[in-house]
Amino acid sequence: MKKKIISALMVCASVIFMLSGCGSSKGADTKLIIWTNMDVETDTIQKYADEWGAVNGYEVDVIHQSPSVQQFAQAINSDDGPDAIVGIPNDQLADYVNAGLTAEVPAELYSDSDFSDAAIQACYVEGVRYAAPLSVETTALFYNTELVSKVPATWEDLVEHAEADGGLQFDATSIYYDLGFVRACGGYIFKYENGAYDVTDIGLANTGAKQAYNFINDLCNQYNLLSADVTADIARSNFQNGQTAYYIGGPWDIDGFTSAGTSFAIVEMPTFNGQPFVTPVGTQVSFVSNKSNNQDKAWEFIMYLIDNGAMGMYEAGDRIPAKLSDQENEKIQIDENATTFIAQINNGEPMPTVSEMGQLWSIHTNNIRSMWTGELTPQEAAENMVRQLEEAVELMNSGK
């Protein structure tokens, strides 16, 4: 009898241990939790998650979330925390990497050559691949077809045409829109080599960058096309209402202009200084938490979405796929606007995937405004910009 009691107690203890073990780690379950920054595409991503899960014996919950690094860091330590984030802007990736929250991409997961160059560049931080590219977007030149019969091939000719007839507006205080001028003249933000950015090598005040800022100054003070009061929203509204002939915008503008009945078409950016106009390519990337106990499966689902969900994502939210073969899909190719943006993406590059990039935005804007008011010359604005950025980066990194 005593032996039976001991045996029964041992069985109960084993069951309790097994049950407690099952509840101690989300990784012990066949379940993935995916956060996505994409709003209108959430249901579409869930559809592909259900397809993948049914084949692989996994339950996948896709949750719309626009997390901060701090929120993500706290959440991944809980049992119901995310295994991965799908579709986050690449300029946020470095913050997660620097916080030690991301897993490296397995070497065999995908081939870089299968994707747009800019999309791949966006997935590397300090020469290490931390993400997979999902979709890409960039800016191009919109023009009013009632005001413009033929778009000039160069920026030098375009501004003269716009000055005489129709006008041109965009937020030229922002480095987002000014990058192409700077890059065409040999300037750069942070030097990029061998898959990494050197944040101590800033190219916004070299000879070429100063040439570019001189032209940007002329847009305001010689051609009278722009002013510090012209924000991106004002430029968009004026073009939509037919008040300006040219506008720099992205795929996100198309529905609004179409609904408003604006007569417009889109072309690749004119050349500047005899060089292609480099536009910033935004890439929606996906990465896996280094705290996930299901890292392999999370990467597997991410690649399933990339390989199978391109058209679903395109139809749900006009997301241009980062994968080159998907960009050749017939449904995308017959969309003239999409093909224009794809062509422009080939002349694009991502904003630097480093946390230090966040320091530049307001510095650039303030110096352009000071240049336009005559407080600073273009040369002084460029030099002041670099000096302030160096100080901001040094202060930012002093606590590391």
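Above: the structure in question.
The following paragraphs examine the structure supplied in this document. (Residues numbered from 1 in each chain as written. Predicted model: local features only at pLDDT ≥ 70, side-chain atom pairs only at ≥ 80, totals over all residues. Heavy atoms only, no water.)

A look at the nonpolar core
No. 1: Ranked by size, the top nonpolar core spans 70 residues in total, and within it Phe142 and Phe301 carry the most contacts.
No. 2: In terms of residue count, the dominant contributor to this core is helix α11 (residues 295-308) (7 residues).
No. 3: Counting residues in hydrophobic clusters, the runner-up holds 59 residues, among them Leu204, Ala212, Val278 and Val354. (Core = buried A, V, L, I, M, F, W, Y, C linked by side-chain atoms within 4.5 Å. Buried < 20%, exposed > 50% of the residue type's maximum accessible area, 1.4 Å probe, protein only. Helix = DSSP H or I, 4+ residues; strand = E, 2+ residues; numbered from the N terminus.)

A closer look at the sheet that holds strand β8 (residues 168-169)
No. 1: Taken in spatial order, the 4 strands make up an open sheet running β8-β11-β7-β12, and their pairing is mixed. Each edge of the open sheet is held by one strand with a lone partner, namely β8 and β12 (264-267).
No. 2: Against the sheet, helix α9 (residues 232-240) contacts β7 (140-144), β8, β11 (246-249) and β12, and its axis sits at roughly 130° relative to β11.
No. 3: Across the sheet, helix α15 (residues 336-345) touches β7, β11 and β12, and the angle it forms with β12 is around 30°. (Pairing = 2+ DSSP bridges. Contact = heavy atoms within 4.5 Å. Axes fitted to C-alpha atoms, helices over the stretch in contact; angles between N-to-C directions.)

Quick look at the packing of helix α2 (residues 42-56) against helix α12 (residues 310-317)
No. 1: The geometry of α2 relative to α12 is characterised by a closest axis approach of 9 Å and an angle of 160° between their N-to-C directions. By the angle class used here, α2 and α12 are roughly antiparallel. The crossing of α2 and α12 is right-handed. Along its contact with α2, which presents Thr44, Ile45 and Tyr48, the element α12 presents Gly312, Met313 and Ala316.
No. 2: Its residues assigned to classes, the contact of α2 with α12 comprises 4 nonpolar, 2 polar and no charged. (Parallel < 35°, antiparallel > 145°, perpendicular 65-115°, else oblique. Left-handed = near helix turned anticlockwise from the far one by under 90°. Nonpolar A, V, L, I, M, F, W, Y, C, P; charged D, E, K, R; others polar.)

Let's talk about the sheet that holds strand β14 (residues 282-288)
No. 1: Strand order in the open sheet formed by 6 strands is β2-β1-β3-β14-β6-β15, and the pairing between neighbours is mixed. The open sheet is flanked by β2 (59-64) and β15 (320-321), the only strands paired with a single partner.
No. 2: Its contacts with the sheet put α2 on β1 (31-36), β2 and β3 (84-89), and the angle it makes with β2 is roughly 170°.

Digging into the side chain of threonine 262
No. 1: Note on placement: threonine 262 falls in the loop between α10 (254-260) and β12.
No. 2: Owing to a relative accessible area of 11%, threonine 262 belongs among the buried residues under this scheme.
No. 3: Of note is the side chain of threonine 262, whose polar atom sits 2.7 Å from the backbone oxygen of glutamine 240. (Polar contact = N/O pair within 3.5 Å; in protein donor to acceptor, adjacent residues only side chain to side chain.)

Thoughts on empty space enclosed by the protein
No. 1: A complete count under the given rule lists 1 cavity of 30 Å³ or more for this structure.
No. 2: Computed from the structure, the largest cavity encloses a volume of approximately 80 Å³.
No. 3: Broken down by secondary-structure element, the contributors of at least two residues to the lining of the largest cavity are β6 (132-137), α11, α12 and β15.
No. 4: Sorting elements by how many residues they give to the lining of the largest cavity places β6 first, with 3 residues.
No. 5: Here the lining of the largest cavity is composed, by residue class, of 10 nonpolar, 2 polar and 3 charged. (1 Å grid on protein atoms, 1.4 Å probe; cavity = no way out; pocket = protein on both sides within 12 Å on 5 of 7 lines; lining within 4 Å. Points joined across faces, edges and corners; volume = space filled by probe spheres on them.)

With respect to the pattern of salt bridges
No. 1: Summed over all chains, the structure comprises 11 salt bridges.
No. 2: Note that aspartate 61 is salt-bridged to lysine 31, the shortest N-O span being 3.2 Å. With aspartate 61 in strand β2 and lysine 31 in strand β1, this pair connects stretches of sequence that are 30 residues apart.
No. 3: With relative accessibility at 26%, the residue aspartate 61 sits in the partly exposed group.
No. 4: Three or more residues joined by partner-sharing salt bridges are found here, namely Glu41, Glu137 and Arg319. (Salt bridge = Lys/Arg side-chain N within 4 Å of Asp/Glu carboxyl O.)

What about the packing of helix α7 (residues 175-184) against helix α8 (residues 207-221)?
No. 1: With their axes 9 Å apart at the nearest point, α7 and α8 run at an angle of 120° to one another. Regarding the angle of α7 to α8, the classification is oblique. Crossing of α7 over α8 shows right-handed handedness. Across from Ile175, Asp178, Phe181 and Val182 in α7, the residues of α8 making contact are Ala209, Ala212, Tyr213, Phe215 and Ile216.
No. 2: Partitioning the contact of α7 with α8 into residue classes produces 8 nonpolar, no polar and 1 charged.

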